[in-house]
Amino acid sequence: MVRIQDHIAKISWTAADKGLYLVYGFVNIMQNNALPPQELGLYTLCNALQTFIFAVSDGFVLQSIIIFGTDKELHGSINRFAITWHVIITLGVSALVFLLQLPFAWLLGEPRLSAVAAYLPIFCLLGIPRTLCLKYLTRDVQARAIFIVNVVWISTMCSLTAWMLATKRLVSFESMFLIAAVGMAASSLTALWITRKQLSFKGTKNMTQRDFFRAGAYQGTAGMLGNTVRQLDVTVVQFFFGTATVGVYQSAKTLFRFFDEGFGAITSLVYPATVRLVYEERQAELVAMLSKMISFSLVATLVVVLLAELNVAEYVISHLLSPKYAAAIGYFRLLSFAAPAMSFVALLPVMLAFGEMRRLLVFVIMSVIVGLAILIGVGYLQLPAFAPLGFVFYTLTLGVLVFSFVRSRLHFPLRLLWRAVPDTLDFFGFIKSK
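Residues numbered from 1 in each chain as written. Predicted model: local features only at pLDDT ≥ 70, side-chain atom pairs only at ≥ 80, totals over all residues. Heavy atoms only, no water.

1. Quick notes on the overall build of the chain
What the chain contains, in helices and strands, is 18 helices and zero strands. Of the contacts made within the chain by residues no fewer than 6 positions apart, 84% connect residues no fewer than 24 positions apart. For the chain, the computed accessible surface area is about 19200 Å², with 69% contributed by carbon and sulfur atoms. (Helix = DSSP H or I, 4+ residues; strand = E, 2+ residues; numbered from the N terminus. Contact = heavy atoms within 4.5 Å. Areas by Shrake-Rupley, 256 points an atom, 1.4 Å probe, with all protein chains shown as cover.)

2. Considering the pattern of salt bridges
Inspection of the entire model under this criterion finds seven salt bridges. In this structure, the salt-bridge partner of Arg 112 is Glu 39, at a minimum N-O distance of 2.4 Å. Residue Arg 112 is found in the loop between α4 (101-107) and α5 (113-139), and its partner Glu 39 is found in helix α2 (residues 37-67); the two are separated by 73 residues along the sequence. A salt bridge links Lys 253 to Asp 233, with the nearest nitrogen and oxygen atoms 3.1 Å apart. (Salt bridge = Lys/Arg side-chain N within 4 Å of Asp/Glu carboxyl O.)

3. A few points about the packing of α5 against helix α6 (residues 143-166)
The geometry of α5 relative to α6 is characterised by a closest axis approach of 9 Å and an angle of 155 degrees between their N-to-C directions. Comparing their axes, α6 and α5 come out roughly antiparallel. When α5 is examined against α6, the residues Arg 130, Leu 134, Leu 137 and Thr 138 are found in contact with a partner set consisting of Ala 145, Ile 146, Val 149, Asn 150 and Trp 153. Residue composition of the contact of α5 with α6, by class: six nonpolar, two polar and one charged. (Axes fitted to C-alpha atoms, helices over the stretch in contact; angles between N-to-C directions. Parallel < 35°, antiparallel > 145°, perpendicular 65-115°, else oblique. Nonpolar A, V, L, I, M, F, W, Y, C, P; charged D, E, K, R; others polar.)

4. Side note on the packing of aromatic side chains
Applying the stated rule across the entire model yields 10 aromatic pairs. Both rings, one in Phe 240 and one in Phe 241, keep their centres 6.3 Å apart while their planes meet at 45 degrees; by these two values the pair is tilted. Between the aromatic rings of Tyr 249 and Tyr 331, the centroid separation amounts to 5.5 Å while the plane-to-plane angle is 75 degrees, which identifies the pairing as edge-to-face. With Tyr 249 in helix α10 (residues 243-279) and Tyr 331 in helix α13 (residues 328-335), this pair connects stretches of sequence that are 82 residues apart. (Phe/Tyr/Trp six-rings, centres within 6.5 Å; stacked < 30°, edge-to-face > 60°.)

5. Some thoughts on the nonpolar core
Judged by nonpolar contacts, the single largest core of 124 residues is most densely connected at Leu 113, Ile 179, Phe 256, Leu 290, Met 293, Ile 294 and Leu 347. Broken down by element, the residue count for this core peaks at 15 residues, all from α2. Discounting residues that sit within four places of it in the chain, Leu 290 has contacts with Val 270, Thr 274, Leu 347, Val 350, Leu 410 and Phe 412. Membership of the second largest hydrophobic core comes to seven residues, among which are Leu 137, Ala 145, Ile 146 and Ala 191. (Core = buried A, V, L, I, M, F, W, Y, C linked by side-chain atoms within 4.5 Å. Buried < 20%, exposed > 50% of the residue type's maximum accessible area, 1.4 Å probe, protein only.)

6. Things to note about helix α9 (residues 233-241)
Burial within α9 is extensive, with eight of its nine residues counted as buried. If you check which residues of α9 are buried, you get Asp 233, Val 234, Thr 235, Val 236, Val 237, Gln 238, Phe 240 and Phe 241. Of the residues one or two after α9, Gly 242 is the one with positive phi, at around 100 degrees.

7. Quick word on the packing of helix α8 (residues 209-230) against helix α17 (residues 389-410)
Two numbers describe how α8 lies on α17: the axes approach to 9 Å, and their chain directions differ by 140 degrees. With respect to their mutual orientation, α8 and α17 come out oblique. Within the contact between the two elements, α8 uses Gly 226, Val 229 and Arg 230 and α17 uses Gly 390, Phe 391 and Tyr 394.

8. Re the environment of Leu 45
For Leu 45, the location among the structural elements is in helix α2. In this structure Leu 45 comes out as buried when scored by relative accessible area, which is 1%. Between the C-alpha atoms of Leu 45 and Gln 231, which are 186 residues apart in sequence, the distance is 9.0 Å. Excluding anything up to four places from it in sequence, Leu 45 contacts Leu 113, Val 116, Val 234, Thr 235, Gln 238 and Val 246.

9. Some points on a nonpolar patch on the surface
The grouping of Val 299, Val 303, Leu 306, Leu 307, Leu 310, Val 312, Tyr 315 and Val 316 at the surface amounts to a nonpolar patch, some 700 Å² of accessible area in total. Mapped onto the nonpolar patch, the elements with two or more residues apiece are α11 (283-309) and α12 (312-320). Broken down by element, the residue count for the nonpolar patch peaks at four residues, all from α11. On the secondary structure map, Val 299 appears in helix α11. (Patch = residues over 30% accessible without salt bridge, like charges linked within 9 Å, V, L, I, M, F, W, Y side chains within 5 Å.)

10. Some words on the environment of Gly 216
Structurally, the position occupied by Gly 216 is in helix α8. Considering only alpha carbons, one finds Gly 216 and Val 61, 155 residues apart in sequence, at a separation of 6.3 Å. When residues no more than four places from it in sequence are discounted, the contact partners of Gly 216 are Gly 59, Phe 60, Ser 64 and Thr 221.

11. Concerning the state of the cysteines
Applying the stated criterion across every chain yields a total of zero disulfides. Cysteine Cys 124 is unpaired, with the sulfur of Cys 46 as its nearest cysteine sulfur at 8.1 Å. On the basis of relative accessibility, which here comes to 0%, the residue Cys 124 falls in the buried class. Cys 158 forms no disulfide, and the closest cysteine sulfur to it belongs to Cys 46, at a distance of 19 Å. (Disulfide = S-S within 2.5 Å.)

12. Describing the confidence of the model for the chain
Detailed conclusions should not be drawn from predicted coordinates in areas where pLDDT is low. On average, residues of the chain carry a pLDDT of 84, and 91% of them reach 70 or more. With pLDDT under 50 throughout, residues 1-6 is counted as low confidence; its partners more than four residues away or in other chains account for 11 contacts. Scored below 50 in pLDDT, residues 430-434 shows one contact in the model against residues more than four places distant or in partner chains. (pLDDT = per-residue confidence, 0-100.)

Here it is as structure tokens:
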């Protein structure tokens, strides 16, 4: 029987970790308010490219650290491949963007994108250790260590932001890049120190490079395609509507990031546990765990959507954002419709644990086609207010497809979607009984 109270320590550290992102979310809003929309748009494009590159490497390379995490004798072999190819992919792709900076800037109609391309390899280099080491910590479910790494990262960026705001230096893309780069460097050094023993290349078993890439081929391709909508949608917005619109759209995505971080926390807990429960054929416990995850997150997101439609979100956002980002309110209201579907998208680890990589890839391709078609249609019709619809329909489509598979495979009863209410009552009863 899976009970929340049995895992309260790990959940508490994970909640504290995501609390850091909540804090930095408000700092991020202050950064956005200080920047002109054009400068925020440039930084958004740089950050989106870096995130996309690392997401591709994560899917093709780093996920193998978790996929084969149950076999400790393979860790040395996995480490060799993971480190080598993570460096090759991230630096190789960023270097290619740098070399193609002029056609890149011309295609998107923004001359200063050549500067973005020049900074991108530095950004990627600084992020390599952090992303690699966090994967080890996720595999071993070391929530406290993850929290420490992120404390260093976020506190460094908060400190630099406070100094730049006080000295009125936070006025350009370059200043935002400096904040991000220094934070990334500090976090990477911390992560390397914490995981120094996990970086061992020793192991009695060896894996071939072919098997290593076969494990991540479908998932890597799915991740790459999915992130064309999740991250590179800003490049489509840039192409059709310009850098200033990207900046305003990003201010709404900054607010929506609270959902992303919340579901990121859920996935970091669910993925390793799902792999273990599937491996041990403990299906009843798996259904119990997943039903709790879906139910609690679904109820919470539906409340947020209701508040957004009742204009409560509009009132709050109008007091958070500078008037120059007023259009972000409409963007956020549209984005909020994707939040409930993210409860079902968070079931992706189940498909991975069951080895349904090919089916997952098909689901992602279908969702990407829907999302990109709508986003491009919005662009051609010159309807910038509806730019979030590409992401919204991508998420809705993927959520429906993934949940349909999980429900069929695990015989998941629909009534469990609302178990959050009785479980909450039971939980507080447990606390009182102590």
